[in-house]
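Spelled out from the first residue to the last, the chains are:
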Amino acid sequence: MSSIVNHEELTRTRERLYEEIRSLSKDELNRKPAEREAWSIGQICHHLILSEGSFADAIDYGLERGKKIPAETKPIERALDRSIKTEAPSTSIPDPGPFQVTQLMEGLEKSRVYFNNVINKVDDEQQLTDISVKHPKFGRLSLKQWIELLPMHETRHIEQIQELKIDQS
């Protein structure tokens, strides 16, 4: 397993997400915010499942393709700035629901297993900096930056969930 991957950060972020949704009722999970286009908490979680699968697919594609295309380091920490609005790619737009907490937690668990299985294919850490794959928002990212972006993306949505929970109370 690659030491370049911060598994503790991935685990810590996922635990924070579980903590936010674990005790929600079906109504709280599926309640749409007043904004017409905004997602419910359940939809946000489904988006995270789809996104993690897309991240894993992109990394897997890079590893399988094996072409070394360097990428400049991008300011991926901008993903944490929620004042910068971003449209989700069509591949990560969630279903309308309704969702159940157990269903979402199982989906999150499966997407993490898939992500980790892809990461475990890395046999040379140099691959993570030498190989890049196009990201819909940031352009070409090294596989290393794809991995680093995942917990940032999840943190962004945890903060969104926290705001929705406050609005619901």
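It should be emphasised that the depicted structure is a prediction, and the values quoted were computed from it without experimental measurement. (Residues numbered from 1 in each chain as written. Predicted model: local features only at pLDDT ≥ 70, side-chain atom pairs only at ≥ 80, totals over all residues. Heavy atoms only, no water.)

Points about the overall build of the protein chain
For step 1, the next point in the chain: Scanning the protein chain for helices and strands turns up six helices and two strands.
For step 2, the next point in the chain: Listed N to C, the secondary structure of the protein chain is α-α-α-α-α-β-β-α in terms of helices and strands.
For step 3, the next point in the chain: Compactness check: the protein chain gives a C-alpha radius of gyration of 16 Å against a globular reference of 15 Å for 169 residues, within 12% of the reference.
For step 4, the next point in the chain: A principal-axis box enclosing the C-alpha atoms of the protein chain has dimensions of 50 × 30 × 25 Å.
For step 5, the next point in the chain: Here the protein chain holds 169 residues, and the buried ones make up 47% of them.
For step 6, the next point in the chain: Taking all contacts inside the protein chain whose residues are at least 6 apart in sequence as the whole, residues at least 24 apart take part in 82%.
For step 7, the next point in the chain: A total of about 9,200 Å² of accessible surface is found on the protein chain, and carbon and sulfur atoms cover 50% of it.
For step 8, the next point in the chain: Positive and negative charge centroids in the protein chain, built from 24 and 29 side chains respectively, lie 4 Å apart. (Helix = DSSP H or I, 4+ residues; strand = E, 2+ residues; numbered from the N terminus. Rg over C-alpha atoms; globule rule 2.2 N^0.38 Å. Buried < 20%, exposed > 50% of the residue type's maximum accessible area, 1.4 Å probe, protein only. Contact = heavy atoms within 4.5 Å. Areas by Shrake-Rupley, 256 points an atom, 1.4 Å probe, with all protein chains shown as cover. Lys, Arg positive; Asp, Glu negative; His and termini not counted. Charge placed at Lys NZ, Arg CZ, Asp CG, Glu CD.)

Regarding helix 6 (residues 143-168)
For step 1, the next point in the chain: The end-to-end C-alpha separation of helix 6 is 38 Å, in line with the 38 Å expected for 26 residues at 1.5 Å each.
For step 2, the next point in the chain: A bend of about 30° at L149 is the largest found in helix 6, and the proline P151 appears one to four places after it. (Expected span 1.5 Å × (residues − 1). Bend = angle between axes of the 7 residues up to and from the residue.)

Some words on the pattern of salt bridges
For step 1, the next point in the chain: Applying the stated rule across the entire model yields twelve salt bridges.
For step 2, the next point in the chain: Among the salt bridges present, the one from E20 reaches K165, with a minimum N-O distance of 2.9 Å. Taken together, the residues E20 in helix 1 (residues 7-21) and K165 in helix 6 connect sequence positions 145 residues apart.
For step 3, the next point in the chain: Its relative accessible area of 15% is what places E20 among the buried residues.
For step 4, the next point in the chain: Owing to a relative accessible area of 24%, K165 belongs among the partly exposed residues under this scheme.
For step 5, the next point in the chain: Connected through shared salt-bridge partners, R14, E52, R112 and E154 make up one network. (Salt bridge = Lys/Arg side-chain N within 4 Å of Asp/Glu carboxyl O.)

What to know about the pairing of strand 2 (residues 139-142)
For step 1, the next point in the chain: In this structure, strand 1 (residues 132-135) lies alongside strand 2, joined through four bridges in antiparallel fashion. What sits directly across from S132, in strand 2, is S142.
For step 2, the next point in the chain: As consecutive antiparallel partners, strand 1 and strand 2 are separated by three residues. (Pairing = 2+ DSSP bridges.)

A closer look at the environment of W146
For step 1, the next point in the chain: Topologically, W146 is positioned in helix 6.
For step 2, the next point in the chain: Setting aside chain neighbours within four positions, we find W146 in contact with F55, A58, I59, V133, K134, H135, P136 and L141.

Regarding the packing of helix 1 against helix 3 (residues 41-65)
For step 1, the next point in the chain: Running from N to C, helix 1 and helix 3 cross one another at 155°; their axes reach a closest spacing of 11 Å. Between helix 1 and helix 3, the interaxial angle falls into the category roughly antiparallel. Viewed along their axes, helix 1 and helix 3 form a crossing whose handedness is left-handed. Between helix 1 and helix 3, the residues in contact are R14, L17 and I21 and I41, C45, L48 and E52, respectively.
For step 2, the next point in the chain: Within the contact of helix 1 with helix 3, the residues separate by chemical class into five nonpolar, no polar and two charged. (Axes fitted to C-alpha atoms, helices over the stretch in contact; angles between N-to-C directions. Parallel < 35°, antiparallel > 145°, perpendicular 65-115°, else oblique. Left-handed = near helix turned anticlockwise from the far one by under 90°. Nonpolar A, V, L, I, M, F, W, Y, C, P; charged D, E, K, R; others polar.)

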